[in-house]
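Breakdown of the fold
One letter stands for each residue in the lines below.
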Amino acid sequence: MMKQADQRNLTMVMDLYELTMANGYFNSGDMESRVAFDVFYRKNPDRGGYAIFAGLEQIVEYVENLHFSTEDIEYLRSLNTFTDAFLDYLKDFKFHGDIYSFPEGTIMYPNEPIMTIVAPLIDAQIVETAILAQVNHQSLVATKTARIVKAAAGKLVSDFGARRAHNMDAAVYGARASYIGGAAGTATVLAGQMFGIPVSGTMAHSWVMYYKDEYEAFKNYAVNYPDNTVLLVDTYDTIQSGIPNAIRVAHEILEPMGKRLKGIRIDSGDLAYQSIKVRKMLDAAGLNDCMIIVSNSLDEHTISSLNTQRACIDSYGVGERLITGATSDYSDDTLALLGAVYKIAAVEENGAFVPRIKISGTVEKITNPGLKKVYRIYDQTGKAKADLLAKSDEEIDMSGDFRFVDPQMPWRNLKFTNCTAKPLQVKVFENGKRVYELPTLEEIRDYVKKQLREEIWEEEQRFINPHVHYMDMTPDYYELKMGLLHDKGKILEQ
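In what follows, the accompanying structure is described.

Rules and cut-offs
- Residues numbered from 1 in each chain as written.
- Predicted model: local features only at pLDDT ≥ 70, side-chain atom pairs only at ≥ 80, totals over all residues.
- Heavy atoms only, no water.
- Disulfide = S-S within 2.5 Å.
- Phe/Tyr/Trp six-rings, centres within 6.5 Å; stacked < 30°, edge-to-face > 60°.
- Helix = DSSP H or I, 4+ residues; strand = E, 2+ residues; numbered from the N terminus.
- Buried < 20%, exposed > 50% of the residue type's maximum accessible area, 1.4 Å probe, protein only.
- Lys NZ or Arg CZ within 6 Å of the ring centre and 35° of its normal.
- Core = buried A, V, L, I, M, F, W, Y, C linked by side-chain atoms within 4.5 Å.
- Contact = heavy atoms within 4.5 Å.
- Pairing = 2+ DSSP bridges.
- Axes fitted to C-alpha atoms, helices over the stretch in contact; angles between N-to-C directions.
- Parallel < 35°, antiparallel > 145°, perpendicular 65-115°, else oblique.
- Left-handed = near helix turned anticlockwise from the far one by under 90°.
- Nonpolar A, V, L, I, M, F, W, Y, C, P; charged D, E, K, R; others polar.
- Patch = residues over 30% accessible without salt bridge, like charges linked within 9 Å, V, L, I, M, F, W, Y side chains within 5 Å.
- Areas by Shrake-Rupley, 256 points an atom, 1.4 Å probe, with all protein chains shown as cover.
- Salt bridge = Lys/Arg side-chain N within 4 Å of Asp/Glu carboxyl O.
- Lys, Arg positive; Asp, Glu negative; His and termini not counted.
- Charge placed at Lys NZ, Arg CZ, Asp CG, Glu CD.
- Polar contact = N/O pair within 3.5 Å; in protein donor to acceptor, adjacent residues only side chain to side chain.

1. Observations concerning the state of the cysteines
Under the criterion given, the structure shown has 0 disulfides. Between Cys312, a cysteine without a disulfide, and Cys290, which holds the nearest cysteine sulfur, the sulfur-to-sulfur distance is 13 Å.

Next comes the structure, spelled out in structure tokens:
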């Protein structure tokens, strides 16, 4: 199967400041100091109750192929910013750190470490942008697709978004992410070639407009594709022209060949009204098995509305609002973002990792410090009750009552009873070598479905006012964070 690394070296996909900081660390002799960075995000997109982690496979490809070519080094030299010794160091650079990560497809929540990079300082700094680019893009699209698929309530959803994607890479990897999120397939051929995603497509309005009349256009398409004839019926008039000509082609061209009209597609107008009217016309013509496919600026909210109106639709082709993660609430553009960040959590000093914390006037921007583990807590029914942050060396024993702290209400005396805990991160790289077998795309997709069906509360999957998943802490971890805040507060007062 094709990979991005087969075609080009993406090492230089990084912000300049990563290299200027790396150059400074090198010149100061700090390049072998080990640090820990966490990848996390602060808000679910679309005011949702969860997000889906996607993009790990491409991060792994990036890290495994990380190297600076002769051309890269010469370009950096031309910037007159870096020392010759640093550029010589980059000639043989390879990643030598450890990476821990959620398995791809894991349902995730704000402020928990999706990934943790424990590595020499320069190594950890250089991979920042590439990791965030993959996490932010693919996770956003996978999450948006899952919402759209849920709204479709069992009807097929296909990615039709390539031409509205932010660029060609976004089209291809967005198609991958949409498949993880539950889309049945994509119209993007390269995504099908690279990832084995089912591809599908119908025709453009230009096909219909090229021929002298609509019937001739439909006839020629049916002759070319008798086993998969889907006709775009809204070029001129769906009800008065498109459907009558589609029915005529079904009877006059396809049926004599022993074939059936597979479907029609509507791409404009009142989709609910037209689909109901079209269904009656098709059924009356004996085409009860002909699918009705619709497209045109769809998202989870428009699809939910179509369901409420009892629209007769079998399949949705979703474009720009899937592939870009765009929201239909234009009053707040930040809704169409995931916003994962990459923050230092600990620095190794004398053989031990010492926690670091970022303090902000905005409470939500205060980081969770130190090396840590994150667990998903399940009740007796197998539902995910909460997530739990713990110090990296803590033992989590759920055999009896387990006391925890809700950081939003730390005064409450809370316990998990009859629960189980599952650590969410797995080790992906150890000393620069991959030690984790990547799942297939189908396995990732099935993992998402299983979690949403069996583990994640329906209340968290609501589009409006979803239940907020609890992010709890062990008492020891909570005291660690509060102690750091207290110490930093005293420093700030001086």
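2. Considerations on the packing of aromatic side chains
Tallied over the entire structure, the rule returns 14 aromatic pairs. Ring geometry for Phe26 and Tyr89: centres 5.2 Å apart, planes at 40°, overall tilted. In this pair, Phe26 sits in helix α1 (residues 16-27) while Tyr89 sits in helix α4 (residues 84-91), placing the two residues 63 residues apart along the sequence. With a centroid separation of 5.9 Å and 40° between ring planes, the pair formed by Phe82 and Phe86 is classed as tilted. Exposure class is identical for Phe82 and Phe86. Each is buried. In textbook terms, an aromatic cluster arises when at least three aromatic residues are bridged by ring pairs, as seen for Phe26, Phe68, Phe82, Phe86, Tyr89 and Phe93. Just above the ring of Tyr215 sits the side chain of Arg248; from NZ or CZ to the centre is 3.6 Å. Positioned over the ring face of Tyr179 is Arg445, at 4.1 Å from the centre of the ring.

3. Some thoughts on the nonpolar core
Among the nonpolar cores identified, the biggest contains 130 residues, and Leu90, Met115, Ile117, Ile264 and Tyr316 are the most heavily contacted of them. No other element matches helix α6 (residues 128-152), which puts 11 residues into this core. Every residue in contact with Ile117, bar those within four places of it in the chain, is listed here: Val35, Ala36, Phe37, Val39, Phe95, Asp98, Ile99, Ala124, Ile131 and Tyr342. Ala386, Met398, Phe402 and Phe404 belong to the second-largest nonpolar core, a separate cluster that totals 12 residues.

4. So, the pairing of strand β5 (residues 115-120)
Along β5, 6 of the 6 residues are buried, which leaves the element largely enclosed by surrounding structure. Taken together, the 6 bridges between strand β1 (residues 34-40) and β5 define a ladder with antiparallel strand orientation. Directly across from Phe37, in β5, lies its bridge partner Ile117. Sheet analysis places strand β3 (residues 98-101) next to β5, joined by 4 bridges and oriented antiparallel. Across the sheet, Tyr100 pairs through a bridge with Thr116, a residue of β5.

5. Concerning the sheet that holds strand β21 (residues 471-473)
Reading across from one edge, β18-β14-β15-β21 is the order of the 4 strands in this open sheet, with mixed pairing throughout. Each edge of the open sheet is held by one strand with a lone partner, namely β18 (420-423) and β21. For this sheet, the mean angle separating the axes of adjacent strands, direction not counted, is 35°. Across 7 bridges, the pairing between strand β14 (residues 372-378) and strand β15 (residues 384-391) is antiparallel. Within β15, the residue paired with Tyr375 across the bridge is Leu388.

6. Focus on the packing of helix α10 (residues 214-224) against helix α11 (residues 238-254)
Their axes nearest at 9 Å, the elements α10 and α11 cross at an angle of 40°. Considered as vectors, α10 and α11 are oriented oblique to each other. The handedness of the crossing between α10 and α11 comes out as right-handed. Each of Glu214, Tyr215, Phe218, Lys219, Ala222 and Val223 in α10 lies in contact with α11, whose residues at this interface are Ser241, Gly242, Asn245, Ala246, Arg248, Val249, Glu252, Ile253 and Leu254. Grouping the constituent residues of the contact of α10 with α11 by class yields 8 nonpolar, 3 polar and 4 charged.

7. Considerations on a negative patch on the surface
Negative charge collects at one region of the surface, where Asp393, Glu395, Asp397, Asp476 and Glu479 lie side by side. By the element assignment, Asp476 lies in helix α16 (residues 475-493). Residue classification places Asp476 among the partly exposed positions, given a relative accessible area of 45%.

8. Structural notes on the environment of Val294
You can see Val294 is positioned in strand β10 (residues 291-294). Put simply, Val294 and Asp267 are 27 residues apart on the chain and 5.8 Å apart in space, counted from C-alpha to C-alpha. Once you skip the residues sitting within four places of it in the chain, Val294 turns out to touch Ile266, Leu271, Ile313, Ser315, Tyr316 and Gly317.

9. Points about the environment of Asp289
Tracing the backbone through its elements, the reader meets Asp289 in the loop between α12 (271-284) and β10. What makes Asp289 partly exposed here is its relative accessible area of 43%. Separated by 75 residues in the primary sequence, Asp289 and Glu214 have C-alpha atoms spaced 22 Å apart. One polar contact links Asp289 to Arg260, side chain to side chain, over a distance of 2.8 Å.

10. As for the sheet that holds strand β8 (residues 230-232)
Strand order across the open sheet formed by 6 strands is β7-β6-β11-β10-β9-β8, with parallel pairing between neighbours. Two strands close off the open sheet at either side, each with one partner strand: β7 (185-186) and β8. In this structure, strand β6 (residues 156-159) lies alongside strand β11 (residues 315-318), joined through 4 bridges in parallel fashion. Residue pairing across strands places Asp159 opposite Val318, the latter belonging to β11. Those strands touched by α12 are β9 (263-266) and β10, and its axis lies near 155° from that of β9.

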